[in-house]
Structures are given as structure tokens and as C-alpha cells.
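Structure at a glance
Listed below are the residues making up each chain.
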2 protein chains.
Amino acid sequence: MKDLKFTDETIEDLASLLKIFGDATRIRILLCLSKRDSYVGELAEQLGMTQSAVSHQLSVLKQSKLVKTQRQGKNILYAIADDHVSSIIETGLEHVMED
Amino acid sequence: MKDLKFTDETIEDLASLLKIFGDATRIRILLCLSKRDSYVGELAEQLGMTQSAVSHQLSVLKQSKLVKTQRQGKNILYAIADDHVSSIIETGLEHVMED
DNA sequence: CTTTCATATGAACATTTAATCATATGTTTA
DNA sequence: TAAACATATGATTAAATGTTCATATGAAAG
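Residues numbered from 1 in each chain as written. Chains lettered and ligands numbered in written order. Predicted model: local features only at pLDDT ≥ 70, side-chain atom pairs only at ≥ 80, totals over all residues. Heavy atoms only, no water.

Applying the stated criterion across every chain yields a total of four salt bridges over all chains. Residue Glu12 of chain A is joined to Arg28 of chain B by a salt bridge in which the shortest nitrogen-to-oxygen separation is 3.4 Å. Residue Glu12 of chain A is found in helix H1 (residues 8-20), and its partner Arg28 of chain B is found in helix H2 (residues 24-35); the two belong to separate chains. Between Asp8 of chain B and Arg28 of chain A there is a salt bridge, with its nearest N and O atoms 3.9 Å apart. With one member in each of two chains, Asp8 of chain B in helix H1 (residues 8-20) and Arg28 of chain A in helix H2 (residues 24-35) form a pair that bridges those chains. For Asp8 of chain B, a relative accessible area of 52% corresponds to the exposed category. Connected through shared salt-bridge partners, Asp8 and Glu12 of chain A together with Arg28 of chain B make up one network. (Salt bridge = Lys/Arg side-chain N within 4 Å of Asp/Glu carboxyl O. Helix = DSSP H or I, 4+ residues; strand = E, 2+ residues; numbered from the N terminus. Buried < 20%, exposed > 50% of the residue type's maximum accessible area, 1.4 Å probe, protein only.)

Here you go:
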């Protein structure tokens, strides 16, 4: 860690971001999307959840810019937004698995 | 991301771990400890929080093995447990700052 | 061994959060 | 344009969470 002085706002933003990863449903969604881009309905079916629950979480993920969307007719295709997502999950997995 | 098939338990563990990072107080504590190992009282003063609040959060951090302790007389010295901690925070910061 | 100092812990309370249900929005097809 | 389909959204509710206050534990000093 090079720079260690951050504003309160940066810290709040960081906490808000990392909070997003602290939910099993969202992790599952992100892992699914790591495999391949998917529609909401596909995610709901694969995760065994209601369309509404998945959609709510996708909206959280999108607000935090962790996923991005692309309309395709009636459907909306969701995808991982950038590399940081996988990076954070991967590092977390390392920590969890080293026990 | 090499392996993409995880058990429910692994995912729950991962979510529980990442949830720890989703709180500004805990981030602040971790950032403080990144600078140098500290006693509970030092952290409380530096963060302007009560001893109790800090201690509660330290206990959360310790349970997740994100910090480790070492008694020194009346005091207890806290330190970052391993590299994953800084790694996750760093990646999160990158994401937050790229906007 | 009693007081003091540093830290931990339990209970209580207010806030946040994730799922559900019902419904709205927006796109396609008949 | 009306019906069907995919997704989003608002309100509600139950559960989880962070702080506070009071108190307990445990080590050191007198």
C-alpha cells in the first residue's frame, strides 16, 4: 500500500463498494457472470431465486458499477463490468481457502 | 479466475469475509494498522471512537483472521494478519478512484 | 491483595438490508 | 393496438448490524 492518507469520503465510498461483495446472493450472481454474460431470467433460474430478488440485486450491482447491461430485444444482458470484480473475489477466496 | 465451481459453504464463507470490509470503521482500523501495529486505545483515540466500539470491531476482525494480537503487559497489540487484507482494500480503492 | 489501567463482553436500541408480493415499464408479436 | 413476455420498482417485513452503556476480565503497581 503506497499512499495511506484518504479522505472520509473515499473511505465511505470504499466501504460502500466492499459492502456489495458481502452478500452470498451477489457473490453467486457475480460468479455466474464470470462464467458467461447472462439475462436476468437465466440468473434467476440458475440460482433458484425469484426474478424480483435477482433484479433487485442486479440493480445494486449496477449502481456500484460492478456489472454493466446491454438490451437485446426483450431481454437485458448482464456482464461483469471490469477486472476489479474478479480480482476482489479471487483474493477473498484465497483468504477463505487458506484455512 | 481459474476454478469457477464452489460449494455453498465456500460462497457463504467468502461473503462473510467480504462483509467485514463493508464498514467504514473497520476499513479505518485496517488502514491505521497498515501504517503501524497499534493498541486498542491508540486506535480509539486516532479514530475518535469509544474504546468499546473499537474493541467490538477488532473482535470481528480477529474472528475473521484479518488481524492478529499479541499481549504486551496490560496492552494488546493489534496487527494486520496477512497480505490479503491490503490486497482487497487496494483493489477496492482502485475501483472507487477510477471514476 | 487491592487499586488501577487496558481491553473485552453482554444487553439494548436504532438503522440497514434482503426477500417477497404486487405492480409498473418497456419491448415484441399477433 | 392488444396481448405476451422480460425486467424493474415500490412498499412491507423480518433479520442482521453497529454503537452505546454498563460491567467483567485480566495484568501490573503500590
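On we go.
With 13 residues, H1 of chain B should reach 18 Å at 1.5 Å per residue; the first-to-last C-alpha distance of 19 Å fits that figure. By the burial criterion, the buried members of H1 of chain B are Thr10, Ile11, Leu14, Ala15, Leu17, Leu18 and Ile20 of chain B. Close packing links the buried residues of H1 of chain B with H1, H2 and helix H5 (83-97) of chain A together with H2, helix H4 (51-63) and helix H5 (83-97) of chain B. (Expected span 1.5 Å × (residues − 1). Contact = heavy atoms within 4.5 Å.)

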